[in-house]
Amino acid sequence: MKNKVVNLRNVSQNPCSMCMPLGGIIPFKGLEQSMVILHGSQGCSTYMRRFMAEHFNEPIDVGSSALNEKGTVYGGEENLKKGLDNILKVYNPKLIGILTTCLAETIGEDIDRISLEYLQEREMEDFPLVTVPTPAYSDSHTEGYFLAVKRIITRLAQKSEKNEKVNIIIPNISPADIREIKRILEGMEIAYTLLPDFSETMDAPFTNNFGKLPNGGTKLGDIRNMPGAKATIELGITVEDHLSPGKYLENSFGVPLYRLPLPIGLENTDKFILTLKTISGKEVPEMFRKERGRLQDCMIDSHKYNAQGIAVVFGEPELVYAVTKTCLENGIKPKVLATGSKNFKSGQLFGEESSNLKVLTETDFVHIRQVCKEMDVNLAIGNSEGKYLTEKEGIPLVRIGFPIHDRVGGQRILSVGYQGTIMFLDRITNTLLEYKLSNYRSSMYQKYFQGIDVK
Amino acid sequence: MAVMERKFIEERMESINIKGKKKKHLKCESESLAGCVSQRACVYCGARVVLNPITDAVHLVHGPIGCASYTWDIRGSLSSGSELYRNSFSTDLKENDVIFGGEKKLSRAIDELVLKYHPQLIFVYSTCIVGVIGDDIEAVCKAAARKHNIEIYPVQSSGFIGNKAAGYKAACEAVLKLIKPGVHLPEKKNKCINYLGDFNLAGEAWIITHYFKQIGIDVNVTFTGDASFTKLKKAIEASLNIVQCAGSMFYLAQEIEKKYNIPYLNVSFLGLEDTAQSLRKVAAYFNDPDLMERTENLIKNEIEKYGPQIAGYREKLTGKKAAVYVGGGFKAISLIKQFRELGIDVVMVGTQTGRKEEYAEIEDLVDDGTVVLDDANPAELEEFMLLKGAHLLVGGVKERPLAYKLGVAFIDHNHDRKHPLSGFVGALNFAKEVYSTVCSPVWQYVHGEGLLHEK
């Protein structure tokens, strides 16, 4: 593809992605009463906890096998087993995820064998330990996320009786977005199993009874029964088949799979709601028709302001796709699409529009900045890591995605569904307006007045 | 009581002490236990923290992407010149590099960075897997330095070789090589000092440098806040080193004394009292009556300026109880004293990497009943904060959500801060921050059952 920029660099300058285990932690935070341990050196878990704590503003407890020199040379089995013991003792979880790090993978730790052995030794064969190999050198956090979801299902799902539920697999979106998706499902009166559900666990209400493991999360029993569901909706059209949880349920248990984009934007939300209608045979309630009408109203009200936007959209592939689609619907010109992941089949996704888009995969922010300058971008849409676009290039940034660490409320940013899209579009339009209103007097003055009084 | 039912890990008991109960030596400077959810980071983190404020250096992380992602511009060190240090460069090692070795990629990465940024100084940080796959980064750095005729220092910071404190040492080793003079030792300048252990967070090193300037002492170079290649090269022209953050800089001060015969004094610029004492101590060292008089004048003026305001806060804060959990012992000790200036008792105090001598000093300072703990985890922090009835916690990003979920006030005393806490003005900022969190109206609305629960 000629518009795809091939990446030949030897050095990443300001990364546009995080590492695989970080992505793997997030789904485990969306299971009821679950804990995670990273098999590696202590720093990995601490860094990832810090990163996630800033975004979600929630305590993020993640264990580490705290590999030292000895463990690295002679194997870290003892460390991992001891780590599991301690986590069971302090947290008493219903499930533990074991993620590897590049260190554990490089020294060849076999976490499947270790975890089996552990369960036998402790005589707790039924306890769900979910192993996920996540070496940072193989993929980004996006792939780590989906692999973890898939491994959770693989470990728990059993052949089960047919039921009326619909499986909903979601990508890494905000807890507020998850709540909105649940509201839509409930509004359509659809029984569902949503995985991973970190809407409560990673955005917990204040209570006077703080628990070590937060309330909420997908119930393990529900995951066990996912194979009996009527269908799976996977909000993940950019997910590769081998990482796709929905594909796994389809191939292994025959659950029909619908792969849809994230419901951001009119068409994407229509697709979601119509698919729910098709699967369930239920009517779309008046409430959602009204919300749709309000979104149309919003699109009309703002279209001329939006027409001035020339955008860079960056972040995880699934979000980049949905946001770009929304931009196109509203006359905002997306010029640069960027992701740190290598798996972004953009060409097929946008049809005719593709030729106008510059797509950067496995990219970094120094590169993104440079391309944005060349393309006269005036609007950035993505996570906080794009802050230099504003600081160094003066391009305003509309924050969405993960991580949001330089503003409060990353966990509360709502962008999905008709209502979420309205809020998202307003944020974009108002950013363009703010930029315009703070500049146009002086720019008009410079452009048209200066020189008038010269004879 | 729910709090008491929680289970503790027995091996951790040696690292927890309650003052006044039986005398025992607190276990510290040891490895973290697996599965304990330690708040500690890794060797690389320690090294990067210490070196990153060197503004005109290229900081190149040799490893997979994560390590560079999590440390990109997350610290509040300010620069009066170059902004190069605010970038995070990584060789972004992939699977093939892990299999076939990353030396060539590293050397190409250096070539690319030299061509683009023309640095005089590059630090190359090794990460976990580099330590395992056996890349000889010493050799690569040496060859590249010769090729480009600049200085390139490897930092041996593989995560598993120790804890954060080992990273401090690795950073100091790199600095020692950097400041090593040519054949002749330069002449020492009188009344010229180096300031070790200030990272110029929110301009803190500038504040202290101004004090010294006013009393007639030159600050030659700060390690490492706002330091540059040229400034560091003149480090051994100073006639005295003063050391603030002893955890990271003690070793460097000792080595410089040994090698270049520059003595050092321990100082602290946290709190009115410590700041005044430290200035007096340095002035007394040079044994010049005029200088000592100027120092007394400065102290008098500054205390007149800020003392009354701080006293105002003290009135409102007296009797409150604080919990402290910070990186190093130095900061913990300073905070205990500083809280005393505000009439606040420290009821729990712990550090990630405090040294034996520092814990002894802490034990001397605190009242009977105060809990002292090393390398604590969230479960312990929660337990003891509640048990001791702490009104506020001092900590870093990871600890903040825990405090808030418990309905406890919080002070960010980490490298992330955006306002200075050093010097006389810093003491006022500190008092203000403590007041703004401890006496915030929000607590009235979150404690107790509230309206919704009333019958």
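Residues numbered from 1 in each chain as written. Chains lettered and ligands numbered in written order. Predicted model: local features only at pLDDT ≥ 70, side-chain atom pairs only at ≥ 80, totals over all residues. Heavy atoms only, no water.

1. Overview of the overall build of chain B
- The helix and strand inventory of chain B stands at 19 helices and 14 strands.
- Expressed as a percentage of contacts within chain B between residues at least 6 apart in sequence, the contacts between residues at least 24 apart total 73%.
- Averaging the coordinates of the 56 positive side-chain charges in chain B and doing the same for the 57 negative ones gives two points 1 Å apart. (Helix = DSSP H or I, 4+ residues; strand = E, 2+ residues; numbered from the N terminus. Contact = heavy atoms within 4.5 Å. Lys, Arg positive; Asp, Glu negative; His and termini not counted. Charge placed at Lys NZ, Arg CZ, Asp CG, Glu CD.)

2. Thoughts on the packing of aromatic side chains
- For the structure on display, the rule yields 23 aromatic pairs over all chains.
- Each ring, one from Phe-51 of chain A and one from Tyr-70 of chain B, has its centre 5.1 Å from the other, and the planes form 70 degrees; the classification is edge-to-face. In this pair, Phe-51 of chain A is assigned in helix α2 (residues 42–56) and Tyr-70 of chain B in the loop between α3 (65–69) and β3 (89–90), connecting two distinct chains.
- Their ring planes at 45 degrees and their centres at 5.3 Å tell us that Tyr-313 of chain B and Tyr-435 of chain B sit as a pair that is tilted. Taken together, the residues span a long stretch of sequence, with Tyr-313 of chain B in helix α13 (residues 289–317) and Tyr-435 of chain B in helix α18 (residues 423–438) at a distance of 122 residues.
- An aromatic cluster is present here, built from Tyr-47 and Phe-51 of chain A together with Tyr-44, Tyr-70 and Tyr-125 of chain B joined pairwise through their rings.
- Just above the ring of Tyr-125 of chain B sits the side chain of Arg-48 of chain B; from NZ or CZ to the centre is 5.6 Å.
- Between Arg-355 of chain B and the ring centre of Phe-250 of chain B, over which it is positioned, the NZ or CZ distance is 4.6 Å. (Phe/Tyr/Trp six-rings, centres within 6.5 Å; stacked < 30°, edge-to-face > 60°. Lys NZ or Arg CZ within 6 Å of the ring centre and 35° of its normal.)

3. A closer look at the interface of chain A and chain B
- Across the boundary between the two partners, chain A contributes 67 residues, which contact 73 residues of chain B.
- Interface of chain A and chain B: buried area, both sides summed, is about 6,000 Å²; carbon and sulfur atoms make up 59% of it.
- Contact with chain B buries area across many residues of chain A, yet Asn-10, Tyr-47 and Tyr-137 of chain A alone supply 14% of it, more than any other trio.
- The interface formed by chain A and chain B includes seven salt bridges.
- Close ionic contact of Glu-362 of chain A with Lys-94 of chain B constitutes a salt bridge, the shortest N to O distance being 3.3 Å.
- The interface formed by chain A and chain B holds 27 residue pairs in polar contact (both at pLDDT 80 or more) in total.
- For the side of chain A that touches chain B, the leading source of residues is α2 of chain A, giving 10 residues.
- A breakdown of the residues in the side of chain A that touches chain B according to their chemical character gives 30 nonpolar, 22 polar and 15 charged.
- Two strands pair when backbone bridges link them, and strand β2 (residues 12–13) of chain A and β3 of chain B are joined in this way by two bridges, in the antiparallel orientation. Looking at β3 of chain B, one finds that Gln-13 of chain A is bridged to Phe-89 of chain B. (Buried area = accessible area lost by both parts, 1.4 Å probe. Salt bridge = Lys/Arg side-chain N within 4 Å of Asp/Glu carboxyl O. Polar contact = N/O pair within 3.5 Å; in protein donor to acceptor, adjacent residues only side chain to side chain. Nonpolar A, V, L, I, M, F, W, Y, C, P; charged D, E, K, R; others polar. Pairing = 2+ DSSP bridges.)

4. Description of the pairing of strand β11 (residues 345–351) of chain B
Residues and elements named next belong to chain B.
- With respect to burial, β11 is a largely interior element, six of its seven residues being buried.
- Taking the sense of rotation as the criterion, the β-α-β connection linking strand β10 (residues 321–326), helix α14 (residues 329–341) and β11 turns out right-handed.
- Here four bridges tie β11 to strand β12 (residues 371–374), and the two strands are oriented parallel to one another. Across the sheet, Thr-351 pairs through a bridge with Asp-374, a residue of β12.
- The handedness of the β11 to β12 crossover, carried by helix α15 (residues 356–365), is right-handed. (Buried < 20%, exposed > 50% of the residue type's maximum accessible area, 1.4 Å probe, protein only. Right-handed = clockwise from strand over helix to strand, strands pointing away.)

5. A closer look at the confidence of the model for chain A
- Per-residue confidence for chain A averages 94 on the pLDDT scale, and 97% of its residues sit at or above 70.
- With pLDDT under 50 throughout, residues 1–7 of chain A is counted as low confidence; its partners more than four residues away or in other chains account for 15 contacts. (pLDDT = per-residue confidence, 0-100.)

6. Points about the domain arrangement of chain A
Residue and element names in this part refer to chain A.
- Partitioning chain A into domains gives domain 1 (20–154), domain 2 (166–280) and domain 3 (287–442).
- Each of domain 1 and domain 3 was reduced to a C-alpha centroid, and the two centroids are 34 Å apart.
- Taken together, the contact between domain 1 and domain 3 spans 14 residues of the former and 15 residues of the latter.
- Taking both partners together, domain 1 and domain 3 bury about 1,200 Å²; carbon and sulfur atoms supply 54% of that area.
- With a shortest N-O distance of 3.4 Å, Asp-139 and Lys-342 are connected by a salt bridge.
- At the surface where domain 1 touches domain 3, the tally comes to eight residue pairs in polar contact (both at pLDDT 80 or more).
- Contributing elements (two or more residues each) for the side of domain 1 that touches domain 3: α1 (20–28), α2 and α7 (141–156).
- Classifying every residue of the side of domain 1 that touches domain 3 gives five nonpolar, six polar and three charged. (Domains from an automatic or database assignment.)

7. A few points about helix α8 (residues 164–179) of chain B
Residues and elements named next belong to chain B.
- Taking 1.5 Å of rise per residue, the 16 residues of α8 would be expected to cover 22 Å, and the 23 Å separating its terminal C-alpha atoms lies within 8% of that figure.
- All of the buried residues in α8 are Lys-164, Gly-167, Tyr-168, Ala-170, Ala-171, Cys-172, Ala-174, Val-175, Leu-176, Leu-178 and Ile-179.
- Looking at the buried residues of α8, the elements they touch are α2 (43–51), β4 (121–126), β5 (151–155), β7 (218–224), α10 (229–233) and α11 (246–260). (Expected span 1.5 Å × (residues − 1).)

8. Examining the sheet that holds strand β4 (residues 63–64) of chain A
Residues and elements named next belong to chain A.
- The strand order across the open sheet built from four strands is β4-β3-β5-β6, with neighbouring strands paired in parallel fashion. Unpaired on one side and paired on the other, β4 and β6 (129–132) mark the two borders of the sheet.
- For strand β5 (residues 95–100) and β6, the ladder comprises four bridges, and the chain directions are parallel. Opposite Ile-98, over in β6, you have Thr-131 as the bridge partner.
- The strands touched by helix α6 (residues 111–121) are β3 (34–39), β5 and β6; relative to β6, the strand with the most contacts, the crossing angle is about 170 degrees. (Axes fitted to C-alpha atoms, helices over the stretch in contact; angles between N-to-C directions.)

9. Considerations on the domain arrangement of chain B
Residues and elements named next belong to chain B.
- In terms of domain boundaries, chain B breaks down into domain 1 (2–30 + 318–417), domain 2 (43–179) and domain 3 (192–299).
- A C-alpha centroid distance of 33 Å is found between domain 1 and domain 2.
- Residue-level contacts link six residues of domain 1 with eight residues of domain 2.
- The tally of links between domain 1 and domain 2 comes to zero salt bridges.
- Summed over the shared surface of domain 1 and domain 2, the result is two residue pairs in polar contact (both at pLDDT 80 or more).
- In the side of domain 1 that touches domain 2, the residues fall into no nonpolar, four polar and two charged.

10. Quick notes on the nonpolar core
- Leu-60 and Phe-123 of chain B are the most contacted members of the largest nonpolar core, which totals 171 residues.
- For this core, the leading source of residues is α8 of chain B, giving nine residues.
- With residues up to four places along the chain from it excluded, the contact list for Leu-60 of chain B reads Val-11 of chain A together with Phe-89, Ser-90, Thr-91, Leu-106, Ala-109, Ile-110, Leu-113, Ile-122, Phe-123, Val-124 and Tyr-125 of chain B.
- Of all hydrophobic cores here, the second largest spans 59 residues; its members include Phe-212, Ile-411, Phe-424 and Ala-431 of chain B. (Core = buried A, V, L, I, M, F, W, Y, C linked by side-chain atoms within 4.5 Å.)

11. Here we look at the pattern of salt bridges
- Considering all chains together, one arrives at 58 salt bridges over all chains under this definition.
- When the shortest N-O distance is used, the salt bridge between Asp-73 of chain B and Arg-86 of chain B registers 2.9 Å. Taken together, the residues span a long stretch of sequence, with Asp-73 of chain B in the loop between α3 and β3 and Arg-86 of chain B in the loop between α3 and β3 at a distance of 13 residues.
- Overall, Asp-73 of chain B belongs to the buried group, its relative accessible area being 15%.
- Taking relative accessible area as the criterion, Arg-86 of chain B reaches 12% and is therefore assigned buried.
- Between Lys-300 of chain B and Glu-304 of chain B there is a salt bridge, and its shortest N-O distance comes to 3.7 Å. Of this pair, Lys-300 of chain B and Glu-304 of chain B are both found in helix α13, four residues apart, which corresponds to roughly one turn of the helix. There is no split in this pair, since Lys-300 of chain B and Glu-304 of chain B are both exposed.
- Salt bridges sharing partners connect three or more residues here, namely Glu-77, Lys-81, Asp-85, Arg-113, Glu-117, Glu-121 and Arg-122 of chain A.

12. Structural notes on the packing of α1 of chain A against α7 of chain A
All names here are of chain A.
- For the pair α1 and α7, interaxial distance at closest approach is 6 Å and the crossing angle is 40 degrees. Taken together, α1 and α7 sit at an angle that is classed as oblique. Read as a crossing pair, α1 and α7 show a hand that is right-handed. Side by side, α1 and α7 meet where Met-20, Leu-22, Gly-23, Gly-24, Ile-26, Pro-27 and Phe-28 of the first sit next to His-141, Glu-143, Gly-144, Tyr-145, Leu-147, Ala-148, Val-149 and Ile-152 of the second.
- Across the contact of α1 with α7, the residue classes tally to 10 nonpolar, four polar and one charged. (Parallel < 35°, antiparallel > 145°, perpendicular 65-115°, else oblique. Left-handed = near helix turned anticlockwise from the far one by under 90°.)

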